[in-house]
Amino acid sequence: MSLVLRRKLTSEDVLSFSQTKTPSSVAPSLVFLRISRIVLGAAIFIVSVLATALYFFAEPVWDDLIRATRPVEVGWWHYVIDFVYYHWQGRWASCGLESFVLPRVDISRFYWLLIGTAALIDTIAAYVVCRWFTPRASRKASAFVAAGLLSLVWTAMPSVGETVYWFTGAVENAVVYSLAALVLMAMIRFPTGQSPLMRA
C-alpha cells in the first residue's frame with residue numbers, strides 16, 4: 001500500500017511540478033542564452049566582414065615578388081630545387097607551390113583572389129576539424145564553432161599582415177597546416193583508404 005501510494009505521490013508531484021512551473025522560473029537562463037548567442041553571432045559577423053574587406057586592400061610584397069619573377073628568370077626547377085632546397089630553407093614544398101602559382105597570376109589585379117583562396121582552405125579545414133570534434137551537433141552548429149574559432153584566431157593573431165594578407169606567409173604558415181589537418185581527418189575517417197573519391 002505504501003509503495004503504491006509512494007508511486008502515486010511521485011507521479012502526481014512530477015505532474016504538479018510541470019504544471020506549476022511558470023515561464024518566469026526559466027526565463028532568465030533562456031534570455032541569457034539567447035542574448036549570448038546574439039552577441040557572439042554579431043561579433044563573429046563583424047570580424048568576418050572586417051577580415052573579408054581587408055583582402056581587397058592587400059598588396060604583394062617582398063617574397064611574393066621574388067616568387068613571381070625569379071622562377072621565370074632561372075626556371076622553376078633551378079630556383080626551387082637547386083637554390084631553395086639545397087641552399088636556402090626547408091620549406092621547399094610551400095615555396096615550390098608559391099613559385100608555381102605566382103608567375104601564372106596577375107598579382108597586381110588578383111592578389112585578393114590568391115589570399116582569399118588560402119583563407120578558404122583554412123576555413124574548410126577548421127570546419128572539418130570542428131565537425132569531427134562535434135559529431136552529435138548539427139552542421140550549422142559545427143560551422144558556427146569553426147567561425148568562432150577563426151574569428152578568435154584572427155583577433156588574437158600578432159600580425160595578420162604576415163599570415164592572412166600575405167600570400168607567401170599564408171601558404172607557409174597556415175595553409176600547410178590546414179592541408180595537413182585535412183589529410184589527417186581523411187585518414188581518421190577512412191582508415192582503410194576506402195573513401196567515396198577512391199571507389200570505382
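Bear in mind the structure is a predicted one, so any value in this text is a computation, not a measurement.

Novice: Please provide a residue-by-residue account of the overall build of the protein chain, values included.
Specialist: Per the secondary structure count, the protein chain includes 8 helices and 0 strands. Seen in sequence order, the protein chain has helices and strands lined up from the N terminus as α-α-α-α-α-α-α-α. Within the protein chain, contacts between residues separated by at least 24 positions form 66% of all contacts whose residues are at least 6 apart in sequence. Entry remark: accessible area of the protein chain is about 14100 Å², with carbon and sulfur atoms responsible for 70%.

Novice: Give me the packing of helix H5 (residues 92-101) against helix H8 (residues 167-189): which residues, what numbers.
Specialist: It is at 10 Å that the axes of H5 and H8 come closest, and there the two elements cross at 140 degrees. Compared by their axis directions, H5 and H8 come out oblique. When the axes of H5 and H8 are compared, the crossing they make is right-handed. Contacts from Ser-94, Leu-97, Glu-98 and Val-101 of H5 reach H8 at Phe-167, Thr-168, Val-171, Glu-172 and Val-176. Taken together, the residues that form the contact of H5 with H8 break down as 5 nonpolar, 2 polar and 2 charged.

Novice: Quick rundown of helix H3 (residues 63-74)? Include the residues and the values.
Specialist: With 12 residues, H3 ought to run about 16 Å at 1.5 Å a step, and its terminal C-alpha atoms sit 16 Å apart, in line with that. Looking at the buried residues of H3, the elements they touch are helix H4 (76-88), H5, helix H6 (107-133) and H8. Backbone geometry just downstream of H3 places Gly-75 in the positive-phi region, at approximately 100 degrees.

Novice: Break down the environment of Tyr-111 for me, citing the residues and quoting the values.
Specialist: Note that Tyr-111 resides in helix H6. Taking the relative accessible area as the measure of exposure, Tyr-111 reaches 2% and is therefore buried. For the pair formed by Tyr-111 and Ala-58, sequence separation is 53 residues and the distance between their alpha carbons is 7.4 Å. Among residues more than four places away in sequence, those in contact with Tyr-111 are Ala-58, Glu-59, Pro-60, Asp-64, Asp-106, Tyr-165, Trp-166 and Phe-167. A polar atom in the side chain of Tyr-111 sits 2.7 Å from the backbone nitrogen of Phe-167.

Novice: Run through the packing of H4 against H5, naming residues and quoting values.
Specialist: Taken N-terminus to C-terminus, the directions of H4 and H5 make an angle of 155 degrees; their axes are 10 Å apart at the nearest point. Considered as vectors, H4 and H5 are oriented roughly antiparallel to each other. At the point where H4 passes H5, the crossing takes the right-handed sense. Touching Trp-76, Tyr-79, Val-80, Val-84 and Tyr-85 of H4 are Trp-92, Cys-95, Gly-96, Ser-99 and Phe-100, all from H5. For the contact of H4 with H5, the residue count by class is 8 nonpolar, 2 polar and no charged.

Novice: Report on the nonpolar core, specifying residues and quantitative values.
Specialist: Tyr-111, Ile-115, Tyr-165 and Phe-167 are the most contacted members of the largest nonpolar core, which totals 17 residues. Ranked by residues supplied to this core, first place goes to H6 with 5 residues. Residues in contact with Ile-115, not counting those within four places in the same chain, are Tyr-55, Ala-58, Val-164, Tyr-165, Trp-166 and Phe-167.

Novice: Report on a nonpolar patch on the surface, specifying residues and quantitative values.
Specialist: Among the surface-exposed residues, Leu-54, Phe-56, Phe-57, Phe-110, Trp-112 and Leu-113 lie close enough to one another that they form a single nonpolar patch of about 630 Å² accessible area. Per-element tally for the nonpolar patch: the top contributor is H6, with 3 residues.

Novice: Tell me what's going on with unusual backbone geometry, and back it up with residues and numbers.
Specialist: Here Trp-62, not a glycine, exhibits a phi torsion of approximately 50 degrees, which is positive. Turning to its location among the elements, Trp-62 is positioned in the loop between helix H2 (23-54) and H3. Taking the relative accessible area as the measure of exposure, Trp-62 reaches 60% and is therefore exposed.

Novice: Could you give an account of H4, with specific residues and numbers?
Specialist: The end-to-end C-alpha separation of H4 is 15 Å, well short of the 18 Å expected for 13 residues at 1.5 Å each. Listing the buried residues of H4 in full gives Tyr-79, Val-80, Ile-81 and Val-84. Relative to the axis of H4, the buried residues are bounded by an arc of 160 degrees and lie together on one face. More than 90 degrees from the buried face of H4, the exposed residues found are Trp-77, Tyr-86 and His-87. Close packing links the buried residues of H4 with H3 and H5.

What counts, and at which threshold
Every chain is numbered on its own, with residues counted from 1 as its sequence reads. In view of the model being predicted, local features appear only for residues whose pLDDT reaches at least 70, and side-chain atom pairs are presented and counted only at 80 or more, with totals across whole chains, interfaces and linings using the full set of residues. In computing side-chain values, all of the structure's heavy atoms are included and hydrogens and water are not. Every helix listed is a DSSP run of H or I at least four residues long, and every strand listed is a run of E at least two residues long, numbered separately from the N terminus. When checking whether two residues touch, look at their non-hydrogen atoms; a contact exists if any pair is within 4.5 Å. In short, Shrake-Rupley with a 1.4 Å probe defines the accessible areas, and a residue's cover is counted only from the protein chains shown. Between the N-to-C directions of two axes lies an angle of 0 to 180 degrees, each axis being a line fitted to C-alpha atoms and, for a helix, fitted only over the stretch in contact. Our angle categories are set so that under 35 degrees counts as roughly parallel, over 145 as roughly antiparallel, 65 to 115 as roughly perpendicular, and the remainder as oblique. Left-handed describes a crossing in which the near helix is turned anticlockwise from the far one by less than a right angle; the clockwise case is right-handed. The residue classification treats Ala, Val, Leu, Ile, Met, Phe, Trp, Tyr, Cys and Pro as nonpolar and Asp, Glu, Lys and Arg as charged. All others, Gly included, are polar. Under the convention used throughout, the expected extent of a helix is 1.5 Å for every residue step, that is, one less than its residue count. Categorising residues by exposure relies on relative accessible area from a 1.4 Å probe, with only protein chains included: less than 20% of the type maximum marks a residue as buried, more than 50% marks it as exposed, and the intermediate range marks it as partly exposed. Polar contacts, as counted here, are pairs of nitrogen or oxygen atoms within 3.5 Å of one another; within protein the pair requires one atom able to donate a hydrogen and one able to accept it, and residues that are adjacent in sequence qualify only if both atoms are side-chain atoms. Take the buried Ala, Val, Leu, Ile, Met, Phe, Trp, Tyr and Cys residues and link them wherever side-chain atoms come within 4.5 Å; each set so joined is a nonpolar core. Without a salt bridge and with relative accessible area above 30%, a residue can belong to a patch; like charges are then joined within 9 Å and nonpolar side chains (Val, Leu, Ile, Met, Phe, Trp, Tyr) within 5 Å. Here, a salt bridge means any side-chain nitrogen of Lys or Arg that lies within 4 Å of a carboxyl oxygen of Asp or Glu. This arc is taken over the directions from the axis of the helix to the C-beta atoms.

The values reported here are purely geometric and, on their own, carry no functional implication.
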